[in-house]
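Fold and contact review
In case you want the letters, here they are:
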2 protein chains.
Amino acid sequence: MAINTENVSVEISKTSKIDSVDFSNLNFGREFTDHMFVCDFVDGEWQTPKVMPYQAMSYEPSARVFHYGQAVFEGMKAYKDDNGKVFLFRPKQNFDRINKSAQRLAMPAFPENYFFEGLETLLKLDNEWIKPGMGNSLYLRPFIIATEPAISASPANTYRFMIICSPAKAYYNAPVRVLVAEEYSRSADGGVGFAKAAGNYAAQFYPTSLAQEKGFQQVIWTDASTHTYLEEAGTMNVFFRINDTLITAPTSDRILDGVTRKSIVQLAEDLGIKCEVRKIKVDEIKTAAKDGSLKEIFGAGTAAVISPISAFEHKNELFDIPVSEDSYAKLFKQTLLNIQHNVSEDKHGWRYEVK
Amino acid sequence: MAINTENVSVEISKTSKIDSVDFSNLNFGREFTDHMFVCDFVDGEWQTPKVMPYQAMSYEPSARVFHYGQAVFEGMKAYKDDNGKVFLFRPKQNFDRINKSAQRLAMPAFPENYFFEGLETLLKLDNEWIKPGMGNSLYLRPFIIATEPAISASPANTYRFMIICSPAKAYYNAPVRVLVAEEYSRSADGGVGFAKAAGNYAAQFYPTSLAQEKGFQQVIWTDASTHTYLEEAGTMNVFFRINDTLITAPTSDRILDGVTRKSIVQLAEDLGIKCEVRKIKVDEIKTAAKDGSLKEIFGAGTAAVISPISAFEHKNELFDIPVSEDSYAKLFKQTLLNIQHNVSEDKHGWRYEVK
Ligand SMILES: Cc1ncc(COP(=O)(O)O)c(C=O)c1O
Ligand SMILES: Cc1ncc(COP(=O)(O)O)c(C=O)c1O
């Protein structure tokens, strides 16, 4: 294990929590590895990044993140193959996206070399936390928060960039039932929906809890202006299969440009499956559900990978989606996992080996 | 000074920072008093609240507020009259609103007795920080943050409610120039715009910085669907005066129900000024600016009190608003300050004395 400390200062943890973790029984996002990456933005510059023991840190009560939600994040995963090699999946996409999110939230861009050295240093130190085997992964959470201790409603002058790592199994297991949004919205035209802005997520909790009371695990959001077009779920883009054609909504300033989504669009092309990227009316899907041409709906995102949707409700009409024999969801999930875990060819160069 | 510690545990600061503060030269929200109020929500209950020395506190990097913006806040002020009596202004409005915000963000409601005892205990301990004199005040910032150390995208199980206090002069001094939003939006129908949700504010920073580059201090937001109706500014509701009639937009799920706004609507009635609460087209205001019937625009909010707007731009057309001789902005500001500082009669019972 060669730790490249060209730019990153490293303090190794004296103890490890790894033996206290039950890897066969993980709750998403509750257990964290022994180390974390921290880099502060002060005086107009990102300071020397550090990898250090995972720990709580001290913040002023006036830190701007607590008041104005000036915070963005990413979600990515590291995978280990059966030979112990470690891979990331299209990490440059996440790097580009966190800076796109940061720009929209008036935060400074994070340097690419720090991002990758930070990630790689962490993954080497916490290598034991990445378990081989399909479905196992180490979830990586880069995030940036505004730390300046002053509550004027304006962009902060100081920030903290961190990466924390949490061992993960597949996020959702059972097929999910979803409610199509009729009244609540996730984001506005001209808003921050395309960014992984912290505030986008808390805004969904209450409408999602109402859906859960009705027996649905997730909400599929529709456009805020008319609630007639299907957009995305809380942490997943959504694909609809009508007969043998896949359809997914185009990205916009309301919709997150998901890495899983764009990978599926590419894989569909590779596999000769027709995939349309276009606006989708709720009514089109309801009609297709009624006439039997709606074969599948599934969500796609880093945490969930592919999450089949077994039923949806809209305007008090419930539609069950029969289990498909030749499921695209299954096919894409397997194809993606095989690439991610270094089992199949990687013809688009999506794997990024951590050496 | 009687400190009522029925429910609140009190730890008094051994030292005071007050002598290091230049009260004649305050930057909004940078200096904080000697004490703060803290109450944690654990195991489904708000625990014993504490007033303690103002200090930084430790948070896990996985604390949900850092990732999902699950945070809400309030802004209110304490005023001291020339006899040393201390008053809040309609504090029950802020109490009700923080719980309305909390509900929309799937957070637990905070108890009324804790809120008021916390506020009063703080104001007694930090009494010296409240300076008499028109325009002086102690800005109070209650806020609730999600503290649970787990990054699943769902409501937290633990929260922290705090109040911090910052001595303030009037927020804006000079009249402001504003840009009317044409592309960016503050909030969506069915979204969280009516709540003082942390994420609403960071979302405005970037569009506001673009406006600032063009020489405008603030943005007046329009409806996200059509950008044809005027809504509110970043931290102020907005009033337009056409001839002798005031107009302000109705509250909705996109617009904050401001305490200052509703007080002005009432004061207008008291003063015999016609005030219409109705939707306002950008075009209506542009036409009125052109034909000379637009006499004033001003913002209204706790921090700024009343902030006159001297110019606005929309679609590259700039409109200067001539200074009004019999300014309503001035009249309402004086009327409000007189009530807040116990100078004039309080016929609606808006003052709340802290005894
Ligand atoms: C709102 C939203 N949509 C979609 C996704 C899926 O994006 P990705 O495939 O890059 O994980 C995410 C993130 O996980 C998300 O937060
Ligand atoms: C978005 C927004 N609009 C308006 C206001 C004015 O509300 P209030 O008069 O209650 O301070 C505020 C808060 O200060 C605000 O944050």
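Residues numbered from 1 in each chain as written. Chains lettered and ligands numbered in written order. Predicted model: local features only at pLDDT ≥ 70, side-chain atom pairs only at ≥ 80, totals over all residues. Heavy atoms only, no water.

If you look chain A up in an unreviewed UniProt entry, it shows as Branched-chain-amino-acid aminotransferase from Winogradskyella epiphytica. The UniProt entry for chain A carries this comment under Sequence similarities (unreviewed entry): "Belongs to the class-IV pyridoxal-phosphate-dependent aminotransferase family." (UniProt positions renumbered as here; feature names shortened; annotations may be inferred.)

This part takes up the overall build of chain A. Along chain A, the regular secondary structure elements total 7 helices and 20 strands. The C-alpha atoms of chain A give a radius of gyration of 21 Å, which matches the 20 Å a tight globule of 355 residues would have. Based on the C-alpha atoms only, the size of chain A along its principal axes is roughly 60 × 50 × 35 Å. Counting the 355 residues in chain A, one finds 62% classified as buried. Counting every atom, chain A has about 13600 Å² of accessible surface; 46% of that belongs to carbon and sulfur. Taken as two groups, the 39 positive and 45 negative side-chain charges of chain A have centres that lie 2 Å from each other. (Helix = DSSP H or I, 4+ residues; strand = E, 2+ residues; numbered from the N terminus. Rg over C-alpha atoms; globule rule 2.2 N^0.38 Å. Buried < 20%, exposed > 50% of the residue type's maximum accessible area, 1.4 Å probe, protein only. Areas by Shrake-Rupley, 256 points an atom, 1.4 Å probe, with all protein chains shown as cover. Lys, Arg positive; Asp, Glu negative; His and termini not counted. Charge placed at Lys NZ, Arg CZ, Asp CG, Glu CD.)

Each disulfide consists of a covalent bond between the sulfur atoms of two cysteine residues. All names here are of chain A. Applying the stated criterion across every chain yields a total of 0 disulfides over all chains. Between Cys39, a cysteine without a disulfide, and Cys165, which holds the nearest cysteine sulfur, the sulfur-to-sulfur distance is 16 Å. Its relative accessible area of 0% is what places Cys39 among the buried residues. Given the relative accessible area of 0%, Cys165 is considered buried. (Disulfide = S-S within 2.5 Å.)

This part is about the relation of the copies chain A and chain B. When chain A is brought onto chain B, the operation consists of a screw motion whose angular component is 180° and whose axial shift is 0.0 Å, with 0.0 Å RMSD remaining. On this basis, the relationship between the two copies can be described by a two-fold rotation axis. A share of 100% of the interface residues of chain A reappears at the interface of chain B, consistent with the copies meeting face to face through the same patch. (Least-squares fit on C-alpha atoms with pLDDT ≥ 70 in both. Contact = heavy atoms within 4.5 Å.)

This part is about the domain arrangement of chain A. Residue and element names in this part refer to chain A. The domain architecture assigned to chain A consists of domain 1 (9-168) and domain 2 (176-340). Counting residues at the interface gives 21 residues for domain 1 and 24 residues for domain 2. At the boundary of domain 1 with domain 2, total buried surface from both sides reaches about 1900 Å², with 63% on carbon and sulfur atoms. Remark: the boundary between domain 1 and domain 2 carries 0 salt bridges. (Domains from an automatic or database assignment. Buried area = accessible area lost by both parts, 1.4 Å probe. Salt bridge = Lys/Arg side-chain N within 4 Å of Asp/Glu carboxyl O.)

All names here are of chain B. Following both chains from N to C, one finds helix H5 (residues 259-271) and helix H7 (residues 328-340) inclined at 105°, their axes separated by 11 Å at the closest point. By the criterion of interaxial angle, the relationship of H5 to H7 is roughly perpendicular. Taking contact as the criterion, the partners of Thr260, Ser263, Ile264, Leu267, Ala268 and Leu271 in H5 are, on H7, Leu331, Phe332, Thr335, Leu336 and Ile339. The class makeup of the residues in the contact of H5 with H7 is 8 nonpolar, 3 polar and no charged. (Axes fitted to C-alpha atoms, helices over the stretch in contact; angles between N-to-C directions. Parallel < 35°, antiparallel > 145°, perpendicular 65-115°, else oblique. Nonpolar A, V, L, I, M, F, W, Y, C, P; charged D, E, K, R; others polar.)

Residue and element names in this part refer to chain B. Between its terminal C-alpha atoms H7 stretches 18 Å, which fits the 18 Å expected from 13 residues at 1.5 Å a residue. For H7, every residue scored as buried is listed here: Tyr328, Ala329, Phe332, Thr335, Leu336, Leu337, Asn338, Ile339 and Gln340. One side-chain oxygen at the N-terminal end of H7 lies 3.1 Å from the backbone nitrogen of Ala329; it belongs to Ser327. Directly after H7, the chain includes Asn342, whose backbone phi takes a positive value near 60°. (Expected span 1.5 Å × (residues − 1). Polar contact = N/O pair within 3.5 Å; in protein donor to acceptor, adjacent residues only side chain to side chain.)

Its 14 residues place the ends of helix H2 (residues 91-104) of chain B 20 Å apart at the C-alpha level, agreeing with the 20 Å of an ideal helix rising 1.5 Å per residue. One or two steps after H2(B), the chain reaches B:Ala106, where phi turns positive at roughly 60°.

All names here are of chain A. Taking the numbering used here, the UniProt-annotated feature "modified residue: N6-(pyridoxal phosphate)lysine" (unreviewed entry) corresponds to Lys196. By the element assignment, Lys196 lies in the loop between strand E11 (176-180) and helix H4 (198-213). Since its relative accessible area comes to 11%, Lys196 is described here as buried. Apart from residues no more than four positions distant in its own chain, Lys196 is found in contact with Ala71, Val72, Phe73, Glu74, Gly75, Arg97, Ser101, Tyr201 and Leu256.

A word on the site of ligand 2. All names here are of chain B. If you check the shell around ligand 2, you find 16 residues, and the closest are Lys196, Tyr201, Glu232, Thr260 and Thr302. In this structure, an oxygen atom belonging to ligand 2 sits 2.8 Å away from a side-chain N or O atom of Arg97. Within the side chain of Lys196, one N or O atom sits 3.0 Å away from an oxygen atom of ligand 2. In isolation ligand 2 has 380 Å² of accessible area, and contact with the protein removes 97% of it. When the residues that make up the shell around ligand 2 are grouped by side-chain class, the tally is 5 nonpolar, 7 polar and 4 charged. (Near = heavy atom within 4 Å.)

Moving on to the packing of H2(B) against helix H3 (residues 112-125) of chain B. Residue and element names in this part refer to chain B. Where H2 meets H3, the axes come as close as 11 Å, and the angle between the chain directions of the two elements is 130°. As summarised for this structure, H2 and H3 are arranged oblique, according to the angle between their axes. Helix-helix and strand crossings are classified by hand; for H2 and H3 the assignment is right-handed. On H3, the residues that touch Pro91, Lys92, Asn94, Phe95 and Ile98 of H2 are Glu112, Phe115 and Phe116. (Left-handed = near helix turned anticlockwise from the far one by under 90°.)

Moving on: unusual backbone geometry. Residues and elements named next belong to chain B. Positive phi values are uncommon outside glycine, yet Asn243 reaches one of about 50°. A residue is classified by how much of its surface remains accessible, and Asn243, at 42% relative accessible area, is partly exposed. Its identity as a non-glycine residue notwithstanding, Asn342 has a phi of 60°, on the positive side. With respect to the helices and strands, the residue Asn342 is situated in the loop between H7 and strand E20 (351-354). Residue classification places Asn342 among the partly exposed positions, given a relative accessible area of 26%.

For the rest of this paragraph, the subject is the interface of chain A and chain B. In many reports, interface size means the accessible area that the parts give up when they come together. Listed per partner, the contact involves 63 residues of chain A and 63 residues of chain B. Carbon and sulfur atoms supply 63% of the area buried between chain A and chain B, which totals about 4900 Å² over both sides. Ranking the residues of chain A by area buried against chain B places A:Phe66, A:Tyr68 and A:Phe205 at the top, with a combined share of 15%. Across the contact surface, chain A and chain B share 2 salt bridges.

Below, the discussion takes up the side chain of A:Asn136. Residues and elements named next belong to chain A. Along the chain, Asn136 turns up in the loop between helix H3 (112-125) and strand E9 (137-146). Polar side-chain contacts of Asn136 include one of 3.2 Å to the side chain of Lys169. Sequence-distant contacts of Asn136, that is, excluding residues within four places in its chain, are made with Tyr79, Lys131, Ala168, Lys169 and His341.

Attention now moves to the pairing of strand E8 (residues 86-89) of chain A. All names here are of chain A. Here E8 shows two buried faces, one formed by Val86 and Leu88 and the other by Phe87 and Phe89. Here strand E7 (residues 76-80) runs beside E8; their pairing, made up of 3 bridges, is antiparallel. From the neighbouring strand, Tyr79 faces E8, where its bridge partner is Phe87. Counting the residues that bridge the hairpin from E7 to E8 gives 5 residues, and of these Gly84 lies at a positive phi of roughly 85°. (Pairing = 2+ DSSP bridges.)

All names here are of chain A. Around ligand 1, the structure places 16 residues, and the nearest of them are Lys196, Tyr201, Glu232, Thr260 and Thr302. Between ligand 1 and Lys196 there is a distance of 3.0 Å, counted from an oxygen atom to a side-chain nitrogen or oxygen. Thr302 places a side-chain nitrogen or oxygen 2.6 Å from an oxygen atom of ligand 1. For ligand 1, the accessible surface in isolation is 380 Å², of which the surrounding protein chains cover 97%.

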